[in-house]
Structure formats: structure tokens, C-alpha cells
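If you want the building blocks of each chain, they are given just below.
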Amino acid sequence: MRPIQMVDTQTQYQKIKTEVDKAVLQVMESSAFINGKPVQDFCSNLSAYMGVKHTIPCANGTDALQIAMMALDLQPGDEVITPSFTYIATTEVIALLRLKPVFVEVDPKTFCMDPAALEKAITPKTKAIVPVHLYGHVAPMEEIMKIAEKHKLWVIEDNAQAIGSNYTFSDGKTQKAGSIGHIGCTSFYPSKNLGAFGDGGAIFTNDDALADRMKMVANHGQSRRYYHDVVGCNSRLDTIQAAILDIKLKHLDEYIGARRSAADFYDNALSGHSVVTTPFRASYSRHVFHQYTILLDNGKPDVAAFRDGLNTFLAGHKIPSMIYYPVPGHKQKMFEQFNVASQLLPVTDWLTERVISLPMHTELDEEQLTFISSKVLEYLNN
Ligand SMILES: *Cc1c(COP(=O)(O)O)cnc(C)c1O
């Protein structure tokens, strides 16, 4: 059996090596390392794939979120509503910009923002909402957009984990995750579903004015060279990364298919067990399985230790597994200044003690999946 990895980008690379190597060499020959033609080509192909008017490239997913928020002209102290149950990048940039992160609960089934909790958290200072499509499951965007319209709030989708996913509205219309809010942000971190060979990120919008503004912010706030209208930053996608991503974009749907097949395999193997809850797939969301995250509940007070025990047991059999994420936002020291530690987010805390993510990538074969599933069951049955 091939060694099991949490993410196997090496085997994936071997399958497209000829094409990738050629594209990278071409960039080197051209020396157009910054804003070379592959950057524009990739962005227009990605816009077509996403069904958006504008794709603005940037250096990473965290920058994408930061640039989006900088473009909205928010004032210090303005409130931005976001889940606590997410990766730190989502919430960190809010605080970095001197805005106030307001943490709300997620739905225990989808792991995504709970619209009822969102509505309750809105105050006159609320300016924006950042739903996160966690693990590859799309947040309930139709409800979130309705609430945002009612209260005139911006919506920035954190689509770092769900690129390629579809959302189906109640009228049957389908849109790509990341194209529904006013702005969508994504990351091309190597382990993401569309991963570069280094860092990268992008921002999506259908709004021409916002697109211009975000392009300006990402480029030192300049409207034309050496004329700087707003305080900006320097955030670019390397030409080499764009050339690689343009090749990988053509394979994205096939990659998603491979992830979904692996998820089906795990579901079949594990869903019968009383201690395990396999990932929920809401009918409106096409799950793209950035992570395959199960919940373990032995019904005892030591539930987190029981979950951690699986992590250790699997490691003993050379099977990696991860806890995404061991500390939710409202418990992070970073946010102490906002007095959020005492905030009651029982669903978030409940999930934090029970989640564990199994190896998930495009290269898992049946032998590996059988072995992983059998070892999970072995732990649970002992
Ligand atoms: C990866 C990720 C980011 C940040 O992306 P980087 O490219 O690492 O900066 C933001 N939000 C979520 C949910 C992520 O998973």
C-alpha cells in the first residue's frame, strides 16, 4: 500500500507533470514573473468557471479577505459577523483592520453559519457578514443574503474551502459558492481543492465599482502609477503560480469528483456506527469535501479524550488525522481584547470536542480507504 497522507499533492503533480513543467519553464523563459500573461489568462478562465464578472488575483486567501474588507470603507469599531468555528484567517483580518469580530453559532449538521444566530447578532454597528463554507459545504446563502438585504449589510463569502461547489436556490437556480455574496474570497494554498505550488488567492465580484476598488487596494491604492488614492497593500499572484493554477483549473471538477468518491467510500464504511456522525450534505449544497470531518460521540464526559484517542490510534498505524480546529475563535487569546471568551457558543464548543478529519485528497485509492476505515472501526469497537 502507498503511504497514507492527509493531502497527497505529489501523486497529483505526477499526473500533470509534463504540462506543468512546460508552463513553468515558459514563465522562466519569458521572465514575466509579475503580472505576466498567465495571470490574466487564469483570471479570465476562473471568472468563466465561477460565473462572475471579475476575478482579482492576490497573494493568499487571508489577503483576499483583508482586501475585500479594506475596499468596503468600514470604520474602526464596525461589527463584522462571522462564525467562531472557522480557521483563524477569517476572523483575524477583521481585528487587524480594527473592526470588531462578532462570533455567531454554526449549525451542528453543516458546520456553517446559523442564519437565526446571525439575525440575532445584528446591531446598528453591524456592517458585514462573513459566512464560511467550511470543509467544502456551502453555508445557507439564500437565507443569509435575505437577512443581509433586509439589514443592508455586505456579504463576503470565505470560499477558501469550497471552490467549485454549487449552491441551489429554492427556485432551482444554481450558482457557484463564492459568487453569491457581494464579494467571494478564496485561497490557492497547496492543500486547498484548487492548490498552487506555493501561496495564492483570489477575490470574486460582479460589482464593477467594488472590483476597481479592490484592484486598487491590492496595488498600493494606486489609480494610476505612482498616484495613490487610498491606503492599500501589495498583494499579487505570481505568474508561475497562475500558470500552474490555469492547468489545474481544467482538472478541478475531476478533482472534486475524486474527493466525493472518497467521501462516499467513508460514508458507506462508517455511517452505520452509532458513535460516528458522517458529514451531512444539505440538498442545497454540492459538498466538495475539502475535509472529510466526522463527529465522534461516546456519550461520556471524556468525549474529547475519546476523539483524541482515535487520532493517536490512527497515528500508530501511520494514518494521519487532524482536528480542525482545536480552539474556536472566541477562545483564542488573540481576541481577548473583545471580551469574547465568556460568550456562550455551546454548539461551537460541542463541535470542537467531537470533530476529527480523516485523510482527504484526490489520490486516495480503495486499498487506502479500506485500511483507514477499518482502523477507525477497530478503535470504535474496542
Ligand atoms: C486556508 C483558509 C484561509 C486562508 O488562506 P491562506 O491562503 O492560507 O491565507 C481563509 N479561510 C479559510 C476558511 C481557510 O481554510
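Since the structure is predicted, the reported quantities are computational estimates derived from the model, not experimental observations.

J.: Describe in detail the sheet that holds strand β12 (residues 276-277), supporting the description with residues and values.
T.: Adjacent strands of a sheet form backbone hydrogen bonds with each other and so pair up, either parallel or antiparallel. Sheet architecture is open: three strands sit in the order β12-β13-β14, paired in antiparallel fashion. Because the sheet does not close on itself, it has two edges, and the strands there are β12 and β14 (355-358). Those strands touched by helix α9 (residues 252-270) are β12, β13 (292-296) and β14, and its axis lies near 20 degrees from that of β13. Its contacts with the sheet place helix α10 (residues 303-316) against β13 and β14, and it is angled at close to 15 degrees to β14.

J.: Lay out the pairing of β13 with the relevant residues and their values.
T.: The element β13 is extensively covered by neighbouring structure, given that five of its five residues are classed as buried. Pairing of β13 with β14, which is carried by four bridges, proceeds in the antiparallel orientation. By the bridge assignment for β14, I294 is matched with I356.

J.: Would you mind going over the sheet that holds strand β5 (residues 154-158) in detail, with residue names and values included?
T.: Sheet architecture is open: seven strands sit in the order β1-β9-β8-β5-β4-β2-β3, paired in mixed fashion. Each end of this open sheet is capped by a strand with a single partner; those strands are β1 (54-58) and β3 (100-104). Mean inter-strand twist for the sheet, computed between neighbouring axes without regard to direction, equals 25 degrees. Both β1 and strand β9 (residues 201-205) contribute to a ladder of five bridges, which runs antiparallel. Paired with C58 across the bridge in β9 is G201.

Rules used in this analysis
Residues numbered from 1 in each chain as written. Predicted model: local features only at pLDDT ≥ 70, side-chain atom pairs only at ≥ 80, totals over all residues. Heavy atoms only, no water. Pairing = 2+ DSSP bridges. Helix = DSSP H or I, 4+ residues; strand = E, 2+ residues; numbered from the N terminus. Contact = heavy atoms within 4.5 Å. Axes fitted to C-alpha atoms, helices over the stretch in contact; angles between N-to-C directions. Buried < 20%, exposed > 50% of the residue type's maximum accessible area, 1.4 Å probe, protein only.

So, to be careful, I would describe these as geometric facts and stop short of saying anything about function.
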